[in-house]
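Per-entry structural report
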Amino acid sequence: MDFLLTADQRAFRRELREWVAPNLPVNWRNGHFTKSLTEAERGAALRAWEGQVHAAGYAGLHWPKAYGGHGLTLIEHLIFGEETGRVGAPEGINPIGRELVAGVLLHAGSEEQKLRLLPRIAACLDVWCQGFSEPNAGSDLTSLKTRAEQRDGAWHIQGQKIWTSYAQHADMCLLLARTSIEKKSNQGLTLFAVPMTTAGITRRGMQQIDGTWDFNEVFFDDVTIPLASAIGPVGQGWAVSGAVLAIERATTRLYRQARYVNELQHAHRVARSRSPGAMVTADTRQKIADIYSELLVLRALNVRFVGRIVAGENVGAEASILKQCWSHFHQHSTTGIAEILGVDHWFPPTDDLDCQRFLPVYFHSRAETIFAGTSEIQKDIIAERLLDMPRRR
Ligand SMILES: Cc1cc2nc3c(=O)[nH]c(=O)nc-3n(C[C@H](O)[C@H](O)[C@H](O)COP(=O)(O)OP(=O)(O)OC[C@H]3O[C@@H](n4cnc5c(N)ncnc54)[C@H](O)[C@@H]3O)c2cc1C
């Protein structure tokens, strides 16, 4: 991306670099809170951070001004991701709203929805969750069972979602539900914007391997919402979300890439502090060089995709190649960093939050080959749509 940057974009990067470090939340250092917080406190602190980003003029950078954005390009948005990842700033609490829902609304929302919903996402007044997966519908979303029926001038929703990240803090849900049975199972699905305070919605938290409670089950029991809550054409939810998921797979990773470089530097400092004369072992040097090279290759790949999207190209199924790369490179990086730090470091005998900073990064990387489409699904897409191999039954 650097060689594509205009003088204004380079100035934007410098300005941002000066803003981020002194404006990080209180009690936040190197990618983590420096004191234990309750879930509600954590949610409030992360909302406040996104509010601060908005107040400083860095939210919705590439959205049109009419919808609360700044009319810049995806490149400025990615510079923001890279600069915040570089110093381990919080990723925030509303990535689904910012990255996914905003894309859906800009692509397929009505004018009224864009004007009403996007400025609230930019200011982090509405945190969103994504209600797609169900107990028996994950990779194959076309088999989802949640129904939305039109009755008495409203939509009535019945069903259950699972693995719903951030639902415990969410004000709104981007819901995928079946609105009709069609010959082709990927037709007859519709996207909805559902306020999470609507009567009939119940959330139940689920604990993850790292001890956090970011997952939820969400139950919809005759939840009634206005007809105008459908996003995009009724029955076309699959096509709309597919187009946006492809963009998500291709473009949202520069924060993480920069963040992993930051963690690698941290591991290097830890290794030096342990070694006589601050010389790390040959094995550690090899690992650091190996991971660093991969992360730079990954950055180059990200940048190439961004360049193509900004130039108006539809990257389509090729997004799956990038998704494969970022999820696997990230796991390779965190495995190597974990080895450099050593288990004693990231499971310290005391409640040393500074040591434990790496734990959530490590566990998050393990999930990357599952969310946004598993690796097997990406490989199917690559085989069928890019290599023209026979479709699975
Ligand atoms: C950290 C995290 C956050 C998430 N957040 C959300 C969220 O906010 N909202 C939401 O809706 N969902 C969320 N998910 C759920 C995620 O989208 C699903 O877990 C994912 O789509 C896989 O679905 P599944 O778990 O039902 O597994 P399954 O689809 O049952 O897959 C099980 C295994 O079978 C393999 N498999 C399935 N089908 C095929 C096939 N056709 N060919 C080859 N192999 C196949 C899969 O690759 C996998 O290894 C999240 C998941 C994680 C890990």
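The following refers to the structure shown. (Residues numbered from 1 in each chain as written. Predicted model: local features only at pLDDT ≥ 70, side-chain atom pairs only at ≥ 80, totals over all residues. Heavy atoms only, no water.)

1. Details of the packing of aromatic side chains
For the structure shown, the criterion picks out 10 aromatic pairs. Ring geometry for W155 and F192: centres 5.0 Å apart, planes at 70 degrees, overall edge-to-face. Linking W155 in strand β5 (residues 154-161) with F192 in strand β7 (residues 189-195), this pair joins segments that are 37 residues apart in sequence. Each member of the pair W155 and F192 is classed as buried. One aromatic cluster in this structure is built from F12, W19, W49, Y58 and F80. The positively charged end of R308 is found above the aromatic ring belonging to F305, 5.6 Å away from the centroid. Sitting over the face of the ring of F371, K323 holds its NZ or CZ atom 5.9 Å from the ring centroid. (Phe/Tyr/Trp six-rings, centres within 6.5 Å; stacked < 30°, edge-to-face > 60°. Helix = DSSP H or I, 4+ residues; strand = E, 2+ residues; numbered from the N terminus. Buried < 20%, exposed > 50% of the residue type's maximum accessible area, 1.4 Å probe, protein only. Lys NZ or Arg CZ within 6 Å of the ring centre and 35° of its normal.)

2. Brief notes about the pairing of strand β4 (residues 147-151)
Inspection of the sheet shows β4 paired to β5 by five bridges, in the antiparallel sense. Each residue of the ladder has a partner; that of A148, found in β5, is I157. Connecting β4 to the next strand, β5, in antiparallel fashion are two residues, including D152 with a positive phi near 50 degrees. (Pairing = 2+ DSSP bridges.)

3. Focus: helix α5 (residues 111-122)
Three or four residues apart is the spacing at which side chains of an α-helix point the same way, because the helix has 3.6 residues per turn. Taking 1.5 Å per residue, 12 residues should reach 16 Å; α5 reaches 17 Å between its end C-alpha atoms and fits that length. Every buried residue belonging to α5 is among Q113, K114, L117, L118, I121 and A122, and all of these are buried. Looking straight down α5, one finds that the buried residues subtend no more than 130 degrees of arc, so they occupy a single side. Elements that come into contact with the buried residues of α5 comprise α2 (39-55), α4 (95-108), β3 (128-131), β6 (172-178), β7 and β10 (230-231). Among the residues trailing α5, C124 stands out with phi positive, at a value near 55 degrees. (Expected span 1.5 Å × (residues − 1). Arc of directions from axis to C-beta. Contact = heavy atoms within 4.5 Å.)

4. Some thoughts on the site of the ligand
Neighbouring the ligand are 18 residues, the closest being Q130, S133, S139, T374 and E376. For the ligand, a nitrogen atom lies 2.7 Å from a polar atom in the backbone of Q130. One nitrogen or oxygen atom from the main chain of F132 is found 3.0 Å from an oxygen atom belonging to the ligand. Examining the composition of the shell around the ligand, we find that three residues originate from one element, helix α12 (residues 375-386), more than from any other. Here the shell around the ligand is built from residues that sort into eight nonpolar, seven polar and three charged. (Near = heavy atom within 4 Å. Polar contact = N/O pair within 3.5 Å; in protein donor to acceptor, adjacent residues only side chain to side chain. Nonpolar A, V, L, I, M, F, W, Y, C, P; charged D, E, K, R; others polar.)

5. Examining the packing of α4 against helix α6 (residues 237-251)
Between α4 and α6, whose axes approach to 9 Å, the crossing angle comes to 130 degrees. With respect to each other, α4 and α6 are oriented oblique. Crossing handedness for the pair α4 and α6: right-handed. Facing L100, G103, V104, H107 and A108 of α4, the residues of α6 in contact are V240, A243, V244, L245 and E248. (Axes fitted to C-alpha atoms, helices over the stretch in contact; angles between N-to-C directions. Parallel < 35°, antiparallel > 145°, perpendicular 65-115°, else oblique. Left-handed = near helix turned anticlockwise from the far one by under 90°.)

6. Description of the environment of T224
The residue T224 is located in strand β9 (residues 215-226) in this model. Overall, the relative accessible area of 38% leaves T224 in the partly exposed class. In this structure, the C-alpha to C-alpha distance between T224 and L386, residues 162 residues apart in sequence, is 42 Å. The contacts of T224, once residues within four sequence positions are left out, are A154, W155, H156 and T198. Within the local environment of T224, its side chain forms a polar contact with the side chain of H156, the two groups lying 3.3 Å apart.

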